[in-house]
Amino acid sequence: MTPAQRLIYMDNAATTPVRPEVMEAMRPYFHDRFGNPSSIYSIARESKEVVESARETVARALGAEPGEIYFTSGGTESDNWALKGIAYANRKLGDHIITSAIEHHAVLHPAQYLEKQGFRITYLPVDASGLVDPGALEDSITKKTILISVMTANNEIGTIEPIREIGSIAQRHGVPFHTDAVQAAGHIPLSVKHDALDLLSLSAHKFNGPKGIGALYIRKGTRIDPIHHGGGQERNRRAGTENLAGVVGLATALDIALRIMKDEAERLRDLRDRLISGILGSVPHTRLNGHPTRRLPGNVNVSVEYVEGESMLLHLDSYGICASTGSACTSGSLEPSHVLMAIGLSHEVAHGSLRLTLGEESTSDEVERVLEVVPQVAAKLRAISPLYSPNERDYHV
Ligand SMILES: *Cc1c(COP(=O)(O)O)cnc(C)c1O
């Protein structure tokens, strides 16, 4: 990127910038009002009140009770706590957990860890658009099933899962239901009552709040062990001095996100659909990944065949465009994304996937610019690809 170029940030599924109002709301809690909520002098009592007021905000956003909200260090901790905490607390009742093949690693890796500890895990497949089949889920429930964990919306392909149906199935069978709502919270409406949820994870940095702060909703009466042991914070369930400024940041960001949600979702859907139809219309051999309509307002994920995702990202970066791909070479592995594999893409096609995720700061001009650049980048890369020939009959894949 040259200095004159303005950055076009289209990776809001990875993280989002903190809103200035959120930073302002957090600021006093680093110095002037730094008291430890567990202490008893007045600045500490103020801190305690601030944490409790933030808890009420989060509870209201989810249709929960304040006593059902626990602050954590983010989505990863909330997911780990839900899986391990439920597994260990219910070990005597059963050893079976149901989840999906397209969960975030913050769910899949704890599940794999629990498998090593002797639990049995069912990883439900998804259809070509990324949807879990509630019927198949119900069929996989056994007398030993102690937890169902299915994400509200997928972080790579944006597909919104039928969690209400899954919630009512789980309720009917008396099995606790956890959802990783990290991509959904602050972006689409959530209700722990309507969806019959027992546990829900969220994380502030995915809705213009700070990194390192999240929450886990735990329905009253749910049997769950702590995974952090120490002080008596969070009603003896999550030890560790509260992240005071973080808690304030999370609640402020969530409050704002809810206030603007309806209009913002509509605006982003429009930008999203222009990006999708623009790319599919101007670049041959592209396809949309994820569900065409049941998808997050800001999520675009397309496969650009005969192009390598990483190369596409580097070229886009040279135009000042920040995007993401499903080929995880950056993490030191050549394995394509487990999500793209689960929806049935071949390795080659999965490696050429491009994720563009819109956010609060995304504009129509940015969309136009991306629609100008992506076809150029695809053409440039295909020109040097041994797999691509402009003559349709000469494909080697
Ligand atoms: C980002 C993300 C997480 C992890 O949250 P952190 O706060 O970054 O730990 C978990 N699940 C999903 C679906 C995510 O998008």
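Residues numbered from 1 in each chain as written. Predicted model: local features only at pLDDT ≥ 70, side-chain atom pairs only at ≥ 80, totals over all residues. Heavy atoms only, no water.

(A) Highlighting the site of the ligand. For the ligand, the set of nearby residues contains 13 residues, the closest of which are Thr 76, Asp 180, Gln 183, Ser 203 and Lys 206. Within the contact set of the ligand, an oxygen atom lies 2.8 Å away from a backbone nitrogen or oxygen of Gly 75. A distance of 2.6 Å separates an oxygen atom of the ligand from a polar atom in the side chain of Ser 203. Its free accessible area being 380 Å², the ligand has 87% of it covered by the protein chains. Element by element, the count of residues in the shell around the ligand is highest for helix H3 (residues 75–89), at three residues. Residue composition of the shell around the ligand, by class: two nonpolar, eight polar and three charged. (Near = heavy atom within 4 Å. Polar contact = N/O pair within 3.5 Å; in protein donor to acceptor, adjacent residues only side chain to side chain. Areas by Shrake-Rupley, 256 points an atom, 1.4 Å probe, with all protein chains shown as cover. Helix = DSSP H or I, 4+ residues; strand = E, 2+ residues; numbered from the N terminus. Nonpolar A, V, L, I, M, F, W, Y, C, P; charged D, E, K, R; others polar.)

(B) Summary view of the sheet that holds strand S12 (residues 353–357). Spatially, S9-S10-S12 is the arrangement adopted by the three strands of the open sheet, whose pairing is antiparallel. Looking at which strands have only one partner, the edges of the open sheet turn out to be strand S9 (286–288) and S12. Taken over all neighbouring pairs, the strand axes of this sheet differ in orientation by 25 degrees on average, direction set aside. Here S9 runs beside strand S10 (residues 299–304); their pairing, made up of three bridges, is antiparallel. Considered in S10, the bridge of Arg 287 is made with Ser 303. In the packing of helix H9 (residues 309–318) onto the sheet, contacts are made with S10 and S12, and the angle to S12 comes to roughly 45 degrees. (Pairing = 2+ DSSP bridges. Axes fitted to C-alpha atoms, helices over the stretch in contact; angles between N-to-C directions. Contact = heavy atoms within 4.5 Å.)

(C) Representation of the side chain of His 178 within the structure. As for its placement among the helices and strands, His 178 is situated in strand S6 (residues 177–180). Residue His 178 is classed as buried on the basis of its relative accessible area of 0%. Discounting chain neighbours no more than four positions away, the residues touching His 178 are Asp 79, Ala 82, Leu 83, Val 107, Leu 147, Ile 148, Ser 149, Val 150, Leu 199, Leu 200, Ser 201 and Leu 216. (Buried < 20%, exposed > 50% of the residue type's maximum accessible area, 1.4 Å probe, protein only.)

(D) Highlighting the domain arrangement of the protein. What the domain assignment lists for the protein is domain 1 (8–16 + 262–394) and domain 2 (20–256). Using C-alpha coordinates to define each centre, domain 1 is positioned 29 Å away from domain 2. In this complex, domain 1 contributes 23 residues to the contact, which on the side of domain 2 involves 31 residues. Taken together, both faces of the contact between domain 1 and domain 2 bury some 2,100 Å²; the carbon and sulfur share is 53%. In this structure, the connection of domain 1 to domain 2 is made through zero salt bridges. Counting across the interface, domain 1 meets domain 2 through 17 residue pairs in polar contact (both at pLDDT 80 or more). Where the side of domain 1 that touches domain 2 is concerned, the elements lending two or more residues are S10 and helix H10 (338–342). Examining the composition of the side of domain 1 that touches domain 2, we find that four residues originate from one element, H10, more than from any other. (Domains from an automatic or database assignment. Buried area = accessible area lost by both parts, 1.4 Å probe. Salt bridge = Lys/Arg side-chain N within 4 Å of Asp/Glu carboxyl O.)

(E) Main features of the pairing of strand S8 (residues 214–218). For S8, the tally of buried residues reaches five of five residues, placing the bulk of the element in the interior. The side-chain alternation of S8 yields two buried faces, one formed by Gly 214, Leu 216 and Ile 218 and the other by Ala 215 and Tyr 217. The pairing of strand S2 (residues 69–72) with S8 spans four bridges and is antiparallel. Paired with Ile 69 across the bridge in S8 is Tyr 217. Sheet analysis places strand S7 (residues 199–203) next to S8, joined by five bridges and oriented antiparallel. Looking across to S8, one finds that Leu 200 is bridged to Tyr 217.

(F) Broad picture of the nonpolar core. The biggest cluster of nonpolar side chains holds 62 residues, and the ones touching the most others in it are Leu 62, Phe 71, Leu 137, Ile 148, Leu 200 and Leu 202. Ranked by residues supplied to this core, first place goes to helix H8 (residues 244–282) with nine residues. In this structure, this core is formed jointly by two domains, domain 1 (8–16 + 262–394) and domain 2 (20–256), each of which donates at least three residues. If we skip the residues at most four places from it in the chain, Phe 71 touches Val 51, Ala 54, Arg 55, Val 58, Ile 213, Gly 214, Ala 215, Glu 234, Arg 238, Val 247 and Leu 250. Ranked by size, the runner-up nonpolar core spans 29 residues in total, among them Leu 316, Ile 321, Val 367 and Leu 371. (Core = buried A, V, L, I, M, F, W, Y, C linked by side-chain atoms within 4.5 Å.)

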